[in-house]
Amino acid sequence: MVYPPLLLTHRGMVGADTKSYLYLDPSRLLGRAPSLWDPNVGMGTVTHQNIGYLLPMGPYYWLCHAGGLPMWVSQRLWTASLLFLAGLGVVYLLRTLGWSGRAVLVAALAYALTPYVLEYEARISAILMPWSAMPWMVALVARGLRRGGWRHPAAFALVVAVCGGVNATSLIYAGVAPLLWIPMAIWITGEASVGRAVGTVLRVGALTVLTSLWWMAGLVTQAGYGLDVLRYTETVQVVAATSLPIEVLRSLGNWYFYGRDAIAAWIQPAVGYTRQIGLLTVSYLLPWLAVVGAAALRWRHKLYFVALVVVGVVLGVGVYPYNHPSPVGAVFKAFATGSSAGLALRSVGRAAPLVALGVAVLLGAGIDALSSRLSASRLSLVTALVGLLVLVNMAPLFTGQFVDNNLQRPEQLPSWWVQAAAAVNQARGSTRVLELPGADFSHYRWGTTLDPVTPGIMDRPFVSRELIPYGSAPSADLLRALDRRMQEGTFEPASLGPLARLMSVGDVVLRSDLQYERFLTPRPRPTWQQFSPPPPGLSNPTTFGPPVTRATLVPLVDEANLATPSTAADPPPVAVFGVPGALPIVRTETTAAPVVLAGDGEGVVDAAAGGVLGGSGTGPVLYAADLGSSARQQALADGAELVLTDTNRRRAQRWGTIQDVNGYTEQAGEQPLVTDLTDNRLPLFPGATDAAFTVAQQRGVVAVRATHYGNPVSYEPWYRPALALDGDPTTAWEVGAFSDPVGERLQIDVTGPVTSDHVTIVQPLVGARERWITRATLTFDGGAAVAVNLGDASRMATGQTVTFPSRTFHRLDITVDAINFGRRADFSGGSGVGFSEVQIPGVHVDEYVRLPTDLLANAGTASADHRLVVVLTRKRSDPLSSFKSDEELALKRTFTLPTARSFDIDGPARLSATATDDALDALVRGAPATGGGMVVRASSSMAGSLTARPVYALDGQAATAWTPDLRQPVVGQWIEAALPSPVTLDHLDLTLIADGRHSVPTRIGVTIDGHTQE
């Protein structure tokens, strides 16, 4: 039943399941699998995952490939076999219990077609192997307990060895089912004595460990030498958000099942299970029927399967609701958030197979119980009806959704990727390939693979930035620092050549055929402009494939799209730039003239952009924070060049996207007001003190902190707490974007006692304001509280003054009690709320950034004998990202030199796209907004663009134009030209932009000396 519909699903299309390299070239993957060192991830890392494919997926796909079977057919057969073996396992289990007939068929069908499989089959079907094996494991334990001996324990161990190598978490949760059988067999059914049970458990345990050592060794090695990647994936709180009991009862609840990106749902079948009333009804009805059947049954094994459902629901619910879990959930919460082992078990949705097996068998038992009460014809009707409900509950299998439209590619890769891989593969040598830009997952315009295809079709070491950091902490940090600038629109091409040589990159592959709309990754044409001509240090590119089409997957009428000239060249899908003089991956370097850099990967990139790195006399680059005292002294003795940067900032890091990973710069010793589980900083310099970090100094207060800021997915340091007291009404502390901000708190610790009877509050004034605070509580020194309703005045520049009896305080807390939206289940699309100003008499924050002190403090007066370079970079955002702001509006730094020095100052200066039109024209033309003697002004201009200002509407150039602010309604926008002398005219020539990207007005009004005509 499962094979035909799958073989009819998306024929010729390969799904993006598990590892794409299984389907690109299984021989190449198997050849690499025995090594725990993977040079194709994060500039090299220790991983256990490759070894997991030695059995069974790798050999299976290798045999299919060697036999000439199309890969899409092999994939459908694999998925169908998982379902078939799961159902066959139920048959084996129930026959072990003495069942036969139609009840067995119903139970097997219900388990094989559980909605649980939809959470994984299209992306990571390897996780389904323990689910498929679980009924076999229960049956083998049951038979082992009955008969003793080694046969069934050995079979159990082989099953675990085959199904457990890729994901241990799923195996552990599946292992609960056979474990639960043991006490039932001893004390409920009396099938085994305690002595036999102990003997069976020892045999099963010993053989299972022995046969699974091959993949357990990989886990242990990775844990000891690789990054703790669990810290950088979903948190316990994220997992708990969707694990409602009712969802777990229908074998769902995995958080990923309910998400979506800018284009579509992450798992398209999920739409039916969350929005279609028919499918919703059936998926809830089946477990309800099982519960009813269980209540009416008299069967000695009933208690076991009821226990499976109960235990599965308890485990699957986990810590939901996160802030108020059950007593069991609270214990698990402490375990999951307090240890690596607990974090590994955070994916509690993988306990749903316990529920699925219990529900399936109880449904079958209900049919069996009816056999003695109904006639044969009526029993057949009831059986057919239940079977039909089971089939409807797995409707995606029969509607072609098991291979997701968003997760597939043609059997054959595009020729340009095959040719590009062959070209870089010929170079071989001792360098790696760097692919830019990074992406959360690899969704190409021709199909989806999730993994980048390049490592699967070539043999050179490969590196590209993905969502999760891999490799060593320093290599992951450097790769993130380089790619971050491309993602966030601040990339400086001059940095790439020196960095590529330092990273042993022999070829840079620029890919322009990604679905950039999905995660708002860099746009192809503007990026291609940055590579045309090639950045310094890179050779002219070899291009592959026809130009990338300008058609978008979803409408993208935004500043970045409109600011790209229509004449900008369309890039090729793949371009390969050589890197002459790239250093080999494995090499020795002289210790003479090292560069000792106070900073991190960001500092290396900044130094490369500033020309500090990459020269002929540059020695090895050493991090100052990584050197012990003797190593520092040796570096100084070897003639070190000292580089002081404003990087290695003390700040939070969050890995929900590949953009806006970094939080704001914290003060030395700063502690969070609440625990942030999403804050997982790379352990770049373990044990380093704040002297090694760049830190903030909040002058005028002790500290301004908040429970959170920005949004729950990515950090937004331009909304940090200190901006609520900086005296600038255009900046603000904001929190709770597309989430519930009620309960969030701003805490202000002042430097000395403040006596006042009022505080003035101004809510954010800039940007879209769908939401605002309506009620808040002011608390003084943790005691006396003042509740206040915030009205319209708080949303004006003058603010709302809150009065209270005069008091003296050292700390003020402001808690958000209510917003205008009220309580909702979903705040999608809602703006953040907060305060642009909290005016306390005599209190003001002035932020400075203090550079690391350890480099120069340790060098002391001897530093005068060494060249010192100070590299400073203002933290800014892409001005065309109108939903972002600059983290720093000014470059305010402080550092101390142990000796007097003189400096040459060098660096780029840019026109700010956020400046007013008058300021820009005064700077560029020497007069306010002038064009040929005219003074030109407009109601607004498109944010972030220097070429959309009003003066360009009257410059006589057809290629330039004025575009109003996209964030404001088009109707009502105006442009004005004040002429230096009278002009006589009888008509106006107006040229409107009609390029398919702009909104074209259908009616306009023209006013001349106060007279208007439409």
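Please refer to the structure placed before this passage.
In what follows, the accompanying structure is described. Everything numeric in this text was worked out from a predicted model, so none of it was measured. Each chain carries its own residue numbering, running from 1 in the written order of its sequence. Side-chain atom pairs in this predicted model are given and counted only at pLDDT of 80 or more, local residue features only at pLDDT of at least 70, and totals for whole chains, interfaces and linings cover all residues. Side-chain measures here rest on the full set of heavy atoms in the structure, leaving out hydrogens and waters.

### Observations concerning the side chain of arginine 480
What counts here: Secondary structure elements are taken from DSSP: a helix is a run of H or I of four residues or more, a strand is a run of E of two residues or more, and numbering for both begins at the N terminus. Whether two residues are in contact is decided by their heavy atoms, any of which lying within 4.5 Å being enough.
Tracing the backbone through its elements, the reader meets arginine 480 in helix H24 (residues 473-487). In this view, arginine 480 contacts Arg465, Glu602, Gln653, Trp655, Val661 and Asn662; residues no more than four positions away in its chain are not counted.

### Some thoughts on the sheet that holds strand E24 (residues 846-850)
The pairing of strands in a sheet comes from backbone hydrogen bonds and takes either a parallel or an antiparallel form. To be explicit about the condition: Strand pairing is assigned whenever DSSP identifies at least 2 bridges connecting the two strands.
Sheet architecture is open: 3 strands sit in the order E15-E24-E26, paired in mixed fashion. Every other strand in the sheet has two partners, leaving strand E15 (695-699) and strand E26 (893-894) as the edge strands with one partner each. Note: E15 against E24, 5 bridges, orientation antiparallel. Paired with alanine 696 across the strands is valine 849, a residue of E24.

### Considerations on a nonpolar patch on the surface
Put simply, the rule reads: Like-charged residues within 9 Å of one another, or nonpolar side chains (Val, Leu, Ile, Met, Phe, Trp, Tyr) within 5 Å, are grouped into patches, provided each residue has over 30% relative accessible area and no salt bridge. The protein chains shown are the only cover counted for residues, whose accessible areas, like all others here, come from Shrake-Rupley with a 1.4 Å probe. Each reported salt bridge corresponds to a side-chain nitrogen of Lys or Arg within 4 Å of a carboxyl oxygen of Asp or Glu.
Taken together, Leu979, Val983, Leu985, Leu988, Leu990, Leu992, Ile1004 and Ile1008 make up a surface patch of nonpolar side chains, about 720 Å² in accessible area. Tracing the backbone shows isoleucine 1008 in strand E30 (residues 1006-1008).

### A look at the pattern of salt bridges
Heads up, the condition is: Burial here depends on accessible area, computed with a 1.4 Å probe over protein chains only, as a share of the maximum for the residue type. Under 20% is buried, over 50% is exposed, and the range in between is partly exposed.
Within the structure shown, the criterion is met by 43 salt bridges. One salt bridge in this structure joins aspartate 459 and arginine 28, with 2.7 Å as the shortest N-O distance. Here aspartate 459, found in the loop between strand E7 (447-450) and strand E8 (462-463), pairs with arginine 28, found in helix H3 (residues 26-32); they are 431 residues apart in sequence, far enough to count as distant. Close ionic contact of glutamate 602 with arginine 485 constitutes a salt bridge, the shortest N to O distance being 2.7 Å. Placement of the pair is glutamate 602 in helix H29 (residues 601-609) and arginine 485 in helix H24, with a sequence separation of 117 residues. The class for arginine 485 is buried, based on a relative accessible area of 4%. A cluster of three or more residues bridged by salt bridges with shared partners is formed by Asp477, Arg480, Arg484, Arg485, Glu488, Glu602 and Asp606.

### Re the environment of proline 469
One can find proline 469 in the loop between E8 and H24. The sequence separation of proline 469 and tryptophan 655 amounts to 186 residues, and the corresponding C-alpha distance is 8.2 Å. Those residues in contact with proline 469 that lie beyond four places of it in its chain are Leu227, Val229, Tyr232, Ala476, Trp655 and Leu682.

### A short note on the state of the cysteines
Stated precisely, the cut-off is as follows: A pair of cysteine sulfur atoms is labelled a disulfide when the two atoms are within 2.5 Å.
Scanning all chains against the criterion turns up 0 disulfides. With no disulfide of its own, cysteine 64 has cysteine 163 as its nearest cysteine by sulfur position, at a separation of 20 Å. By relative accessible area, cysteine 163 is classed as buried at 4%.

### Some thoughts on helix H18 (residues 327-338)
A turn of α-helix holds 3.6 residues, and therefore any two residues three or four places apart point the same way. Definition in use: Under the convention used throughout, the expected extent of a helix is 1.5 Å for every residue step, that is, one less than its residue count. Relevant arc is that of directions from the helix axis to the C-beta atoms, nothing else.
Counted at 1.5 Å a residue, the expected span for H18 with its 12 residues is 16 Å, and the 17 Å between its end C-alpha atoms agrees. Within the sequence span of H18, burial applies to Gly329, Phe332 and Ala336. Take H18 and look down its axis: the buried residues cluster within an arc of 65 degrees, on one side only. Turned more than 90 degrees away from the buried face of H18 sit Pro327, Val331, Ala334 and Gly338, all of them exposed. On its buried face, H18 sits against helix H10 (168-174), helix H13 (236-240) and helix H19 (340-344).

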